[in-house]
Amino acid sequence: MNWSELYWHRVTPFHVLLWPLSLLFIMVLAFKRLLFRLGILRSVRLPVPIIFVDSITVGDAGKTSLVIWLINALKAFGLRPGIISRGYSENYGSPIPVTISSKLKVVGNRALLIAYQSKDICPIWIGHDRVKVAQALLAAHPECNVLICEDGLQDVRLQRDLEIVVVDNSKQNFGNGLILPAGPLRDSLSRLNKVTAVVMNQKSSRSLVNTGSHVKTFYMRPGNVYFTNLLNPDYRSTISVFRDKSIHVITDSQDFLDQLKYLKINVRSHSAINHYQFTKEDLQFPDAEIILMKAEDAVKCLSFANKKFWVLHEEIVVDIGLRETILKKLREQFMDPKLLDILVCPLCKGPLTYKKNEKELICKADRLAFPIRDGIPVMLEEEARILPAEEEI
Ligand code: ZN
């Protein structure tokens, strides 16, 4: 446990002192919501659907992995997502785009991490004002037809179509159960009953949270683990190759070290303080054949990395029901014919022909028929029917 976990999990006299501030925090939040509900403050509706993905506690809770999964899931359905974030950076000015080559100091760790892990496959914009960020992204990328906002569950100014909250199910996820600043909660737990879906990040089955019966709960679980070279992400390696190497690991995560131990990889570990910006001098280990990090630390080294730098990747497996829930909701937003109009073939990106009776979307170029199940087009190559040569299209 690091200091922040110790802090969030205890109730000391200091926490009691802070508790009135927590009360004030939740009252301000409730008051703000009331002003929006009464129409005294006006919320903004964007021309495209927007999905909020956030955790209810401080920290990531697995949110970034879910955002990457969501980008790919939406892409697989022929949708063109864009990401907006407030970012944690020095940039509190006007909206700016983020790519792998962005400066860490300017865009912040989190946005850079998403750009790195999503391999720049969709636009990411950050800035202080989420409404302006969303508008700037859509102006620069009119092809985007759905937005993902990767924070801001409490920001009611921006109207949203779906809210997905990630809950870390492997620790005592809600800490001492108090609201900020005395506890790790960013909103009251009853908020979980009002979101579209709760996603349990189930690293282990040690503790199970009851989210109530009125909200849809899905699970994300660890999938494959592999390594990629930081400078050349297409260069992959498996665990066995790393077993007899001299490896230095930079991390402050005990989970990560435990994981390496479980994978039977011997390492020398060096602590990395959260949010610390590494320099080249920090990471000089003459005997190291491999310098291994989690992606969130690795992106801090992009500007000075050499070929010894490797990144641990952990794929996630998400309940299929979540994808269906999201698409069902999106479909309601788009309204029937519109969604079918904007969908393209996930392989060739070409137009699709809608066969109403067969409930299929046909790509003439690839001779594939994508099924429409329960009104949701399933835009996955492995689910598509290959059209035999004699079938007319
Ligand atoms: Zn096609």
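Residue positions within a chain follow its written sequence, with the count starting from 1. Given that the model is predicted, a residue must reach a pLDDT of at least 70 before its local features are reported, and side-chain atom pairs must reach 80 or more before they are shown or counted; all residues, however, enter totals for whole chains, interfaces and linings. Hydrogen atoms and water are omitted, and side-chain values are computed over all heavy atoms in the structure.

Draft legend 1. Structural view of the overall build of the protein. Each helix is a run of DSSP H or I of at least 4 residues and each strand a run of E of at least 2, with the numbering of both proceeding from the N terminus. Helices and strands together make up the secondary structure of the protein, namely 10 helices and 18 strands. Taken over C-alpha atoms, the radius of gyration comes to 22 Å for the protein, in line with the 21 Å a tight globule of 393 residues would show. Projecting the C-alpha coordinates of the protein onto the three principal axes gives extents of approximately 65 × 60 × 40 Å. Note on contacts: a residue pair is in contact if any heavy atoms of the two residues lie within 4.5 Å. Taking as baseline every contact in the protein between residues at least 6 positions apart, the subset at least 24 positions apart corresponds to 64%. Here the Shrake-Rupley method, with its probe set to 1.4 Å, supplies the accessible areas, and only the displayed protein chains count as covering residues. Of the roughly 19,900 Å² of accessible surface on the protein, 55% is carried by carbon and sulfur atoms. In this charge count, Lys and Arg are treated as positive and Asp and Glu as negative; neither His nor the chain ends contribute. In this description, the location of a charge corresponds to atom NZ of lysine, CZ of arginine, CG of aspartate or CD of glutamate. Counting 50 positive and 42 negative side-chain charges, the protein places the averaged centre of each group 4 Å from the other. Based on C-alpha atoms, the radius of gyration is set beside the globule rule, defined as 2.2 Å times the residue count to the power 0.38.

Draft legend 2. Representation of the state of the cysteines. Pairs of cysteine sulfur atoms within 2.5 Å are identified as disulfides in what follows. Evaluated as defined, the whole model comprises 0 disulfides. Sulfur of Cys-144: no disulfide; nearest cysteine sulfur belongs to Cys-122 and is 7.1 Å away. Among the residues examined, Cys-144 registers a relative accessible area of 4% and is labelled buried. The classification of residues rests on relative accessible area computed with a 1.4 Å probe and restricted to protein chains. Under 20% of the type maximum is buried, over 50% is exposed, and intermediate values are partly exposed.

Draft legend 3. Local environment of the domain arrangement of the protein. Taken as a whole, the protein is organised into domain 1 (3–221), domain 2 (222–316) and domain 3 (341–386). Inter-centroid distance (C-alpha atoms) of domain 2 to domain 3 is 40 Å. Those domain boundaries reflect an automatic or database domain assignment.

Draft legend 4. Inspection of the coordination of the zinc ion at higher detail. Listed donors are limited to N, O and S atoms within 2.8 Å of the metal, widened to 3.2 Å for Na, K and Ca; water is not among them, so incomplete-looking sites are possible. Here the zinc ion is held by Cys-345 (SG), Cys-348 (SG), Cys-363 (SG) and Asp-366 (OD), and the distances to it run 1.9 to 2.3 Å. For four-coordinate sites, all angles between 85 and 135 degrees define a tetrahedron; for four- and six-coordinate sites, opposite donors beyond 155 degrees with the remaining angles between 65 and 115 define square planar and octahedral shapes respectively, and all other cases count as irregular. In this structure, the zinc ion is coordinated by 4 donor atoms arranged in tetrahedral fashion, with angles at the metal of 104 to 116 degrees. In primary-sequence terms, the residues that donate to the zinc ion follow C-x2-C-x14-C-x2-D. You can call Cys-363 buried: its relative accessible area is 1%. On the basis of relative accessible area, Asp-366 is assigned to the partly exposed category, the value being 30%.

Draft legend 5. Expanded view of the packing of aromatic side chains. Any Phe, Tyr or Trp ring, taking Trp's six-membered ring, that has another such ring centre within 6.5 Å forms a pair; planes under 30 degrees apart are called stacked, those over 60 apart edge-to-face, and the others tilted. The tally for this structure, following the rule as stated, stands at 6 aromatic pairs. Clustering of aromatic rings is evident, with ring pairs tying together Phe-227, Tyr-235, Phe-242 and Trp-310. Taking NZ or CZ as reference, Arg-160 lies 3.7 Å from the ring centre of Phe-52, over its face. The side chain of Arg-236 reaches across the aromatic face of Tyr-226, ending 3.7 Å from its centre. Two thresholds decide whether a charge sits over a ring: the Lys NZ or Arg CZ must be within 6 Å of the ring centre and within 35 degrees of the ring normal.

Draft legend 6. Focus on empty space enclosed by the protein. Put simply, the grid is 1 Å and covers the protein atoms alone, a cavity is a trapped set of points that fit a 1.4 Å probe, a pocket is an open set with protein on both sides within 12 Å along at least five of seven lines, and lining residues have an atom within 4 Å of a point. Grid points are joined across faces, edges and corners, and a volume is the space filled by probe spheres set on the points. For the structure shown, the criterion picks out 1 cavity of 30 Å³ or more. Lining the largest cavity we find Trp-69, Leu-70, Ala-73, Leu-74, Arg-323, Ile-326 and Leu-327. Elements represented by at least two residues in the lining of the largest cavity include exactly α3 (63–76) and α9 (320–334). If you tally residues by element for the lining of the largest cavity, the top one is α3, at 4 residues. Here the term charged refers only to Asp, Glu, Lys and Arg, the term nonpolar to Ala, Val, Leu, Ile, Met, Phe, Trp, Tyr, Cys and Pro, and the term polar to all other amino acids, Gly among them. Its residues assigned to classes, the lining of the largest cavity comprises 6 nonpolar, no polar and 1 charged.

Draft legend 7. Expanded view of the pairing of strand β12 (residues 290–294). Of all the 5 residues making up β12, 5 are buried; the element is thus mostly covered by neighbouring parts of the structure. Covered by surrounding structure in β12 are Ile-290, Leu-292 and Lys-294 together with Ile-291 and Met-293, the residues of both alternating faces. Note on pairing: two strands pair once DSSP finds at least 2 bridges between them. Pairing geometry for strand β10 (residues 247–250) and β12, over 4 bridges, is parallel. Each bridged residue has a counterpart across the sheet, and for Ile-250 the counterpart in β12 is Met-293. With 4 bridges connecting them, β12 and strand β13 (residues 309–318) associate as parallel partners. From the neighbouring strand, Lys-294 faces β13, where its bridge partner is Leu-312.

Draft legend 8. Inspection of the pattern of salt bridges at higher detail. We define a salt bridge as a contact between a side-chain nitrogen of Lys or Arg and a carboxyl oxygen of Asp or Glu at a distance within 4 Å. Counting across every chain of the model gives 17 salt bridges. Ionic pairing is found between Arg-33 and Asp-187, a salt bridge with its closest N-O pair at 2.6 Å. Linking Arg-33 in helix α2 (residues 13–37) with Asp-187 in the loop between β6 (162–168) and β7 (197–201), this pair joins segments that are 154 residues apart in sequence. For the residue pair Arg-33 and Asp-187, the accessibility class agrees, reading buried in each case. Linking Arg-191 and Asp-187 is a salt bridge whose minimum nitrogen-to-oxygen distance equals 3.5 Å. Judged by its relative accessible area of 8%, Arg-191 falls in the buried class. Accessibility expressed as a relative area gives 1% for Asp-187, which makes it buried. Here the residues in one salt-bridge network are Arg-33, Arg-160, Glu-163, Asp-187 and Arg-191, joined through shared partners.

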